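Each chain, letter by letter, is given below.
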Amino acid sequence: MTICKKCREEERGMFAGQGFRDFTCQLCGKQDTWCNTNVPKFCNECSEKLDMCQRCGGSLSETEDLGA
């Protein structure tokens, strides 16, 4: 997952449950499955295409790729 610096700071110490969760991208409507309960708002494709954070939709000028 690729998130902006702001979201990365906010998520420090956050807990997510084990288990696969379905989610729908809020931009393109694509349905996908995430590896834990901390699902993103936007799919990988929209995030990459529009250079935006998968959590808040903000700019990825400073990012951290956390894997999927």
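Reference entry: report on the structure contained in this document.

### Remarks on the pattern of salt bridges
So, point 1. Using the criterion set out here, one finds 4 salt bridges in the structure.
So, point 2. Note that arginine 12 is salt-bridged to glutamate 9, the shortest N-O span being 3.4 Å.
So, point 3. Among the residues examined, arginine 12 registers a relative accessible area of 56% and is labelled exposed.
So, point 4. Linking lysine 30 and aspartate 32 is a salt bridge whose minimum nitrogen-to-oxygen distance equals 3.8 Å.
So, point 5. Since its relative accessible area comes to 28%, aspartate 32 is described here as partly exposed.
So, point 6. Connected via shared salt-bridge partners are Lys30, Asp32 and Glu45.

Thresholds applied
Residues numbered from 1 in each chain as written. Predicted model: local features only at pLDDT ≥ 70, side-chain atom pairs only at ≥ 80, totals over all residues. Heavy atoms only, no water. Salt bridge = Lys/Arg side-chain N within 4 Å of Asp/Glu carboxyl O. Buried < 20%, exposed > 50% of the residue type's maximum accessible area, 1.4 Å probe, protein only.

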